[in-house]
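Secondary and tertiary structure notes
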There are 2 protein chains.
Amino acid sequence: MNNFRHELIRSEVLEFKPYSSGLGIDEIKDKYGLNQVIKMASNENPLGVSPSVQEVIRKNASLAFRYPTPGNQELCGAIGRYLDIDPRRIVCGNGSDEIIDLLLRVTAEPGISNIAAFKPCFSIYQLQSRLCGLEFRQSPLGSEFSFDWNGLLGLVDEQTRIVFLTNPDNPSGFAVPSREIEKFYSKLPESTILVIDEAYIDFASPVEQYSSLKLALKTERVVVLRTFSKMFGLAGLRLGFGVFPMFLADYIRRVRLPFSVNILAEKAGLAALEDLIFRQTTLDLILRGRDYLGDELSAMGCRVYPSQANFIMFRPLEDAEMIFEKLLTRGIIIRPLKSYGLQNFLRVSIGNDQENRTFVTSLKAILSEQSAFDHNN
Amino acid sequence: MNNFRHELIRSEVLEFKPYSSGLGIDEIKDKYGLNQVIKMASNENPLGVSPSVQEVIRKNASLAFRYPTPGNQELCGAIGRYLDIDPRRIVCGNGSDEIIDLLLRVTAEPGISNIAAFKPCFSIYQLQSRLCGLEFRQSPLGSEFSFDWNGLLGLVDEQTRIVFLTNPDNPSGFAVPSREIEKFYSKLPESTILVIDEAYIDFASPVEQYSSLKLALKTERVVVLRTFSKMFGLAGLRLGFGVFPMFLADYIRRVRLPFSVNILAEKAGLAALEDLIFRQTTLDLILRGRDYLGDELSAMGCRVYPSQANFIMFRPLEDAEMIFEKLLTRGIIIRPLKSYGLQNFLRVSIGNDQENRTFVTSLKAILSEQSAFDHNN
């Protein structure tokens, strides 16, 4: 790579690391000579796409030459009915990633404002803050990955424009009831917006106790982010949304690229909201799988962290990297948490029943091989 | 809308106008009691989506629960083969809108750099510049909507980070041979990047004479933008890309949101690149329709501007707004150019043969009604 044009790149951007992509399913098949690969790495819906949504995508394939509708009014209306909130509070984005970026661009002053979050947290909060020229502050999670509110509050000053929370949290699965968040919100300065990323909230139970949607409706500076990528099975179509205070929704809409939500995401999102049975089946599967995997991992001596999400974080007795690699050779992809700064931790997405059993059987085999090896050395 | 939280909104953003959406096809049907509406307003492909691409979308509907591949390597590879360029120079985006935004964010210094373009130009150049806190400079187009190079050059100084050109231009349809662009580029400071938006280049002939792809490959600071929205019939799926100098492609990739291109856009884009017959049929249709509409509009006394794109700009003898409205009541949507500052101009996208005839018949009827009315008053 030539260096001679670096003066054309903003200094904030020069600090971004080169892009590196992990192996995809097909590449892993090739590399290890496998016919089948199970992906339990990205917290996707183990049931795939709802059959009724697939049907809607197929039916609308011929519409892909049309520009989408700029304001996604129909979709915002349907989301409003689903959540029982005024649709003018809702803005959809090309995944909630876009909404996070827009929140920063609309509210935070480059070189002046700062942004706060726990450590570790979703990488996009930090990356987009840096791209926006904003100081990004982090305070470590508490013991057992709980939320150390005082630590987080200690970062906040009058220039803190946004505090990001993920609830349930990723990668730990830890969640707090919304009343704890409300208490924290009450201590924030008037100039700070609290953003609660509820990507995994559909898997928390009881959801009413954990979700901060009601808090968003009764306060002035709370934003709730949701996604169609997990429970709704639409990660590939990129559809997320925020529930905003009215004034903020208005400005987010003003600056959003008009066609950022693609036309099939809009159609699929509408259909996915209608399909209650798919969501109930997904939830049953996730709750059952979460219990099963939690029990089995504990029985294997792994430290298992309680999860309110569609994944489980655990700490094996053996080396996490070795386990990840050995699972790969058996065609199972899970998520090592090195990039979160959690060297010895692994995260496994809840799969379908068959996938969960295959994962457990494979992990048992790997651990017993390893313990025989350790014993003989 | 409450005003009391405006101190939470960046001053640049407070200047953005409230979002307002035009009527969609279904709303126009309802409003005017129509069964059919012809849309010739957004320069979409009059043949719709290629049948082979529709088939690929249907086949991959079940994949919509998977996250897309972060780097779009396969798609960049296919585009590279299609254009005969190194795929490492290519970055795909959620429409070329995203690429325009990324170019500004990666290279231009908020509060310091400025951006230059002709006036009128594609609104996104200006909107994203303002959102990035950049001064946006414009110099008027020359006579007959030609490119007044000296005027544009007069805006440029050492702090001009990007000059945007659209070739063929929108909404005029005017185009310049690439050698003229090369001459202009040679006069730019070393610190200025020239971005040539070739959204409509596939309709220019001969394309080799107009496209600046070769210029991009042999220079250090030329970027060419392309889209799958027009010739490739995929406006709704949002797929654009840029051809960059290598160093710039690398940094654009570093900051791009990893999943901004959705999974069906990627699959459909790959299939669209394969479908030569669809593109040739589209081109034949557009060239035939452009000649036909140009002749008919001239015969009706409209001033017609020569176009190298899939639309025609014209200036009717009667009031443009009145014609636009009367066409709407007959179920034909075209584009008034008021928002471009061109009060008395209209733009019509080339439709299929039937649509073009219906448009001509309706416009004739409107003009003769009006001339009878004028005559009697």
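Residues numbered from 1 in each chain as written. Chains lettered and ligands numbered in written order. Predicted model: local features only at pLDDT ≥ 70, side-chain atom pairs only at ≥ 80, totals over all residues. Heavy atoms only, no water.

A few points about the sheet that holds strand β2 (residues 90-93) of chain A
All names here are of chain A. Read across the open sheet, the seven strands follow the order β2-β8-β7-β6-β5-β3-β4; overall the sheet is mixed. Pairing within the sheet leaves two strands with one partner each, and these edge strands are β2 and β4 (135-140). Taken pair by pair, the neighbouring strands of this sheet meet at an average axis angle of 20 degrees, ignoring direction. Relative to strand β6 (residues 193-197), strand β5 (residues 160-166) is paired through five bridges, and the arrangement is parallel. (Pairing = 2+ DSSP bridges. Helix = DSSP H or I, 4+ residues; strand = E, 2+ residues; numbered from the N terminus. Axes fitted to C-alpha atoms, helices over the stretch in contact; angles between N-to-C directions.)

Some thoughts on a negative patch on the surface
On the surface, a cluster of negative charge is made up of Asp26(A), Glu27(A), Asp30(A) and Glu74(B). Ranked by residues supplied to the negative patch, first place goes to helix α2 (residues 25-32) of chain A with three residues. Structurally, the position occupied by Glu74(B) is in helix α4 (residues 73-83). (Patch = residues over 30% accessible without salt bridge, like charges linked within 9 Å, V, L, I, M, F, W, Y side chains within 5 Å. Areas by Shrake-Rupley, 256 points an atom, 1.4 Å probe, with all protein chains shown as cover. Salt bridge = Lys/Arg side-chain N within 4 Å of Asp/Glu carboxyl O. Lys, Arg positive; Asp, Glu negative; His and termini not counted. Charge placed at Lys NZ, Arg CZ, Asp CG, Glu CD.)

A few points about helix α5 (residues 96-107) of chain B
Residues and elements named next belong to chain B. Its twelve residues place the ends of α5 17 Å apart at the C-alpha level, agreeing with the 16 Å of an ideal helix rising 1.5 Å per residue. Of all the twelve residues making up α5, twelve are buried; the element is thus mostly covered by neighbouring parts of the structure. When α5 is considered as a whole, its buried residues turn out to be Ser-96, Asp-97, Glu-98, Ile-99, Ile-100, Asp-101, Leu-102, Leu-103, Leu-104, Arg-105, Val-106 and Thr-107. (Expected span 1.5 Å × (residues − 1). Buried < 20%, exposed > 50% of the residue type's maximum accessible area, 1.4 Å probe, protein only.)

Structural notes on the nonpolar core
Here is a general trend for soluble globular proteins: nonpolar side chains tend to be buried in one another's company. Counting residues in hydrophobic clusters, the biggest one holds 192 residues, and the most contacted among them are Phe359(A) and Phe359(B). Apart from the residues within four sequence positions on either side, Phe359(A) is in contact with Met40(A), Leu293(A), Leu297(A), Phe314(A), Leu327(A), Ile332(A), Ile334(A) and Val348(A). (Core = buried A, V, L, I, M, F, W, Y, C linked by side-chain atoms within 4.5 Å. Contact = heavy atoms within 4.5 Å.)

What about the environment of Asn45(A)?
One can find Asn45(A) in the loop between β1 (38-39) and α3 (51-59). Sequence separation between Asn45(A) and Leu285(A) is 240 residues; the distance between their C-alpha atoms is 10.0 Å. Once residues lying within four places of it in the same chain are set aside, the contact partners of Asn45(A) are Lys230(A), Met231(A), Gly233(A), Phe278(A), Thr282(A) and Phe65(B). A polar contact of 3.4 Å, which involves the side chain of Asn45(A), links it to the backbone oxygen of Lys230(A). (Polar contact = N/O pair within 3.5 Å; in protein donor to acceptor, adjacent residues only side chain to side chain.)

Digging into the interface of chain B and chain A
With 81 residues of chain B at the contact, the number on the chain A side is 81 residues. A salt bridge links Arg105(A) to Asp101(B); the nearest nitrogen and oxygen atoms lie 2.8 Å apart. Between the two partners, chain B and chain A, sit 29 residue pairs in polar contact (both at pLDDT 80 or more). At the level of secondary structure, the elements contributing two or more residues to the side of chain B that touches chain A comprise α1 (11-14), α3 (51-59), α5, α6 (123-131), α11 (246-255) and α12 (263-274) of chain B. For the side of chain B that touches chain A, the element with the most residues is α11(B), which contributes eight residues.

Details of the pairing of strand β13 (residues 346-349) of chain B
All names here are of chain B. Residue alternation in β13 divides its side chains into two sets, Leu-346 and Val-348 and Arg-347 and Ser-349, and both sets are buried. As paired elements, strand β10 (residues 311-315) and β13 share four bridges and run antiparallel to each other. From the neighbouring strand, Met-313 faces β13, where its bridge partner is Arg-347. Pairing of strand β12 (residues 335-336) with β13, which is carried by two bridges, proceeds in the antiparallel orientation. Note on β13: the bridge partner recorded for Pro-336 is Leu-346.

Describing the domain arrangement of chain A
Residues and elements named next belong to chain A. When its domains are assigned, chain A resolves into domain 1 (21-48 + 277-376) and domain 2 (51-274). Between the C-alpha centres of domain 1 and domain 2 there is a distance of 27 Å. A combined buried area of about 2,100 Å² lies between domain 1 and domain 2, and 59% of that area is made up of carbon and sulfur atoms. For domain 1, the biggest contributors to the area lost against domain 2 are Arg-279, Gln-308 and Tyr-340; these three give 37% of the whole. Applying the counting criterion to the domain 1 and domain 2 interface returns one salt bridge. The salt bridge involving Glu-144 is made with Arg-303; its shortest N-O contact spans 2.2 Å. At the junction of domain 1 and domain 2, the tally comes to 13 residue pairs in polar contact (both at pLDDT 80 or more). Secondary-structure elements contributing two or more residues to the side of domain 1 that touches domain 2 are α13 (276-299) and β10 (311-315). At seven residues, α13 tops the list of elements feeding residues into the side of domain 1 that touches domain 2. Across the side of domain 1 that touches domain 2, the residue classes tally to 13 nonpolar, eight polar and four charged. (Domains from an automatic or database assignment. Buried area = accessible area lost by both parts, 1.4 Å probe. Nonpolar A, V, L, I, M, F, W, Y, C, P; charged D, E, K, R; others polar.)

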